[in-house]
Amino acid sequence: EGAAFIFLGSPNGIASAGVWAAATTIQGNQISARFGYAVAAAGDVNGDGFDDVIVGTPYYDSGQKMDGGAAFVFLGGASGIPNGSPTTASSTIRSFFADDGLGTSVAGAGDVNGDGYDDVVIGNPGLGYVLEFNGGPAGIPSGDYLAATKRLTAEQRSASFGSCVAGGGDVNGDGFDDVVVGDPDADMNPSLTNEGGVFVFYGRAIGISTSPGSSIAGSYSFAGFGTAAAGAGDVNADGFDDVIAGSTNDQLGRGYAFIFYGLPSGLPSGSAFSVAGTTLANEQGSSMHPPSLFGYTVAGAGDVNGDGYADVVVGGREVGTQQPVAYVFLGDLNGVPSNTARFAAATLLTPAIGSIAVASVAGAGDVNSDGYADIVVGAPEYSNGQSAEGGAFIYSLVRPPAVVAGSDTVGIYAAGTGTWFLKNQNASGSADTVLGYGPAGSGWIAIKGDWDGDGDDTPGLYNPTNGFFFLRNTAAPGPADLTFGFGPGGAGWIPVIGDWDGDGTDTIGLYNPANGFFFLRNSNAPGAADLTFGFGPAGAGWQPVAGDFDGDGDDTVGLYAPSNGFFFLRNTNTSGAADLTFGYGPSNVTPIVGDWDGQ
């Protein structure tokens, strides 16, 4: 039958749990109706100050109209939305014919006519329409397609027109919100076949236009362009909202996501490659690899890093591990730079390894009210106690730091002479501190940390031959203030340093590359590891890093894969999947971690 679940934000975000912990459960109560196939925030359709939701059910039976589909609107209130079913919906939009596909897609449209009430759009591919319903004091009217305020269509549509609908924001800056419709099978170029299309319908005081004001075509036959399309927000902060659309396949199996920039005249019409302001692509795709389906889902992410520019997220499937994956790309003054998935600002790998499904993506709003937008990623075949029951994962990519400390600066260690050259500013010039510490030419490994919690980092050395650490509490020549052994000598283990327990003092740890295990101490003294866990592959030659990646005051570990230049970072010192995965720079370089801007 299907169901829809609502989870409420809080100062701590949304807690990890099963669907039984949802604040609201709305059940379909009809066999094989697929209630919840499409869900969306509807905005405030009745103007009462509470946001509402819309749920699509494309196989809902209405009397003798089998599998005709339906969409249901549920109104928010001071206590949220109560548990319910289709019978408790404030509005019911039913199909007019059997096998209509009504409710295949649903979306909040924004306020397309400027009357102060938000409106909704519903895909009805069986009729070749997108139905637009205006909000009002009573909400959305019930009925079939004849009750729609406007019926949107396009001359070049296919039977898939309306399989994707979205609110586009105000792309031409006229004060009226606009609507985006995807049609992945549209034939718009006579020299291509089923290249797909994206259509923009512009809001007006007299109501939204029923024919598209902008039409954008795919650039390859069977490209799947328009499989996904969404409002991107204003990624370059120029006052005009922008649109993102996906294209899942070119002749080599590569996927793309295109960003089209709003203008006073609206979006340009033409071929996607020729009119897009930004082209994002994956790097996989050939007869040797299955398609990654990069661009199968796209969304505006909101402003995930608090810089005043909207950001975007693109869903796909990681080719090697077959994990649903999402890529985050950041806006700036010039918009989102054209790039490949490798250089996404963040790569969010879900733990659904071996899945054939693609990640669904959406902006989640600000679920913990920290001032940064969050992202939700769906993995339909995630298994956690059951078989492929599915899961949704919320990512908060940026959090305000719990403790603001001084900025880190650079230094170098000359192993041949055992000399340290330390700078107090990140600039050219002579060293501010020069000291000899440790034996020259011994192969000892230089480390640094705040060993005594006084706020200053000082030198240390690790002797890999016997597994001993030699730590100084001042940046001056002299014997070690702390000397102790930890772990086996001569085993090839690598030292890592961090404040693992958030007490303000850095302590040591070791990483065993042979089995992928970390061994961390909470005090700079001999003894057994306080934390032992595996993270990442064994024997892969990956290099350990450590830092406070989520700004919570505790350092955690990460790994760098030299072969492809990817970082895999954890926000807790436990086993599990990486919380942040992204590529940066060329392969086979040395990873470094620091607070470069002191924020």
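As the structure is a prediction and not an experimental result, all values here were calculated from the model.

(A) Examining the overall build of the protein chain more closely. A count of helices and strands for the protein chain gives one helix and 42 strands. A compact globule built from 599 residues would reach a C-alpha radius of gyration of about 25 Å, and the protein chain, at 27 Å, matches this within 12%. Referenced to the eigenvectors of the C-alpha coordinate spread, the extents of the protein chain come out at roughly 85 × 50 × 45 Å. Carbon and sulfur atoms provide 52% of the accessible area of the protein chain, an area that totals close to 24700 Å². In the protein chain, 16 side chains carry a positive charge and 61 a negative one; their mean positions are 7 Å apart.

(B) Just the pairing of strand β37 (residues 517-520), in detail. As paired elements, strand β36 (residues 507-512) and β37 share four bridges and run antiparallel to each other. Its bridge partner lying in β37, Tyr511 is registered against Phe518. Where β36 folds back on β37, the antiparallel hairpin that results is connected by four residues, among which Gly516 adopts a positive phi of roughly 75°. Relative to strand β38 (residues 531-534), β37 runs antiparallel, the two sharing four bridges. Each bridged residue has a counterpart across the sheet, and for Phe517 the counterpart in β38 is Gly534.

(C) Highlighting the pairing of strand β5 (residues 70-74). In terms of residue burial, β5 counts as a mostly covered element, since five of its five residues are buried. Of the two faces of β5, both are covered, the one formed by Ala70, Phe72 and Phe74 as well as the one formed by Ala71 and Val73.

(D) Seen up close, the pattern of salt bridges. As enumerated under the stated definition, the model contains five salt bridges in all. Its salt-bridge partner being Asp250, residue Arg254 comes within 3.1 Å of it at the nearest N-O pair. The salt bridge partner of Lys448 is Asp457, with a shortest N-O separation of 3.2 Å.

(E) Quick look at the sheet that holds strand β17 (residues 256-260). Within the open sheet, the five strands sit side by side as β15-β16-β17-β19-β23. Their pairing is mixed. Here the strands that pair on one side only, and so sit at the sheet edges, are β15 (229-233) and β23 (339-340).

(F) The sheet that holds strand β35 (residues 494-498), seen in detail. If you trace the four strands from one edge of the open sheet to the other, you get β35-β36-β37-β38, paired in antiparallel fashion. Both outer strands of the open sheet, β35 and β38, are each paired with one neighbouring strand and no more. Averaged over all pairs of adjacent strands, the angle between their axes in this sheet comes to 20°, without regard to strand direction.

(G) The confidence of the model for the protein chain, seen in detail. Of the residues in the protein chain, 93% have a pLDDT of 70 or more, and the chain-wide mean is 88. Low pLDDT, under 50, characterises residues 399-406; the stretch is placed with 14 contacts to residues that sit more than four places away or in other chains.

(H) Structural detail: the packing of aromatic side chains. Within the structure shown, the criterion is met by 26 aromatic pairs. Relative to Phe74, the ring of Phe35 lies with its centre 6.5 Å away and its plane at 85°, an arrangement referred to as edge-to-face. In this pair, Phe35 is assigned in the loop between β2 (24-27) and β3 (38-43) and Phe74 in strand β5, connecting sequence segments 39 residues apart. Across this residue pair, the class does not change: Phe35 and Phe74 are buried. Ring pairs connect the aromatic residues Tyr220, Phe225, Tyr256, Phe258, Phe260 and Phe273, which therefore count as one cluster. Above the plane of the ring of Tyr129 lies Arg151, whose end atom (NZ or CZ) is 5.8 Å from the centre.

Scoring rules and cut-offs
- Per chain, residues are indexed from 1 in the order of the written sequence.
- Per-residue local features of the predicted model are confined to residues with pLDDT of at least 70, and side-chain atom pairs are confined, for both listing and counting, to 80 or more; whole-chain, interface and lining totals are unaffected and use all residues.
- Hydrogens are left out, water is left out, and the side-chain values use all remaining heavy atoms of the structure.
- By the criteria applied, helices consist of DSSP H or I runs no shorter than four residues and strands consist of E runs no shorter than two, each listed in order from the N terminus.
- We compute the radius of gyration over the C-alpha atoms and compare it with the globule rule, which gives 2.2 Å times the number of residues raised to the power 0.38.
- We get accessible surface area from the Shrake-Rupley algorithm with a probe of 1.4 Å; when it comes to residues, only the shown protein chains can shield them.
- Only four residue types enter the tally: Lys and Arg on the positive side, Asp and Glu on the negative side, with His and both chain ends excluded.
- Note on charges: their place is set at NZ of Lys, CZ of Arg, CG of Asp or CD of Glu.
- The rule for pairing is simple: two strands pair if DSSP sees at least two bridges between them.
- The buried label goes to any residue with under 20% of its type's maximum accessible area, the exposed label to any with over 50%, and the partly exposed label to all in between, with areas taken from a 1.4 Å probe on protein chains only.
- For this document, the term salt bridge refers to a Lys or Arg side-chain nitrogen within 4 Å of an Asp or Glu carboxyl oxygen.
- Whenever a helix is involved, its axis is fitted only over the stretch in contact; in every case the axis is a line through C-alpha atoms, and angles between N-to-C directions fall within 0 to 180 degrees.
- Every residue is assigned a pLDDT by the predictor, reflecting its confidence on a scale from 0 to 100.
- Contacts: residue pairs with any heavy atoms within 4.5 Å of one another.
- Two rings from Phe, Tyr or Trp (for Trp, the six-membered ring) form a pair when their centres are within 6.5 Å of each other. A pair whose planes differ by under 30 degrees is stacked, one over 60 is edge-to-face, and the rest are tilted.
- Placement of a charge over a ring requires the Lys NZ or Arg CZ to be within 6 Å of the ring centre, with the centre-to-atom vector within 35 degrees of the ring normal.

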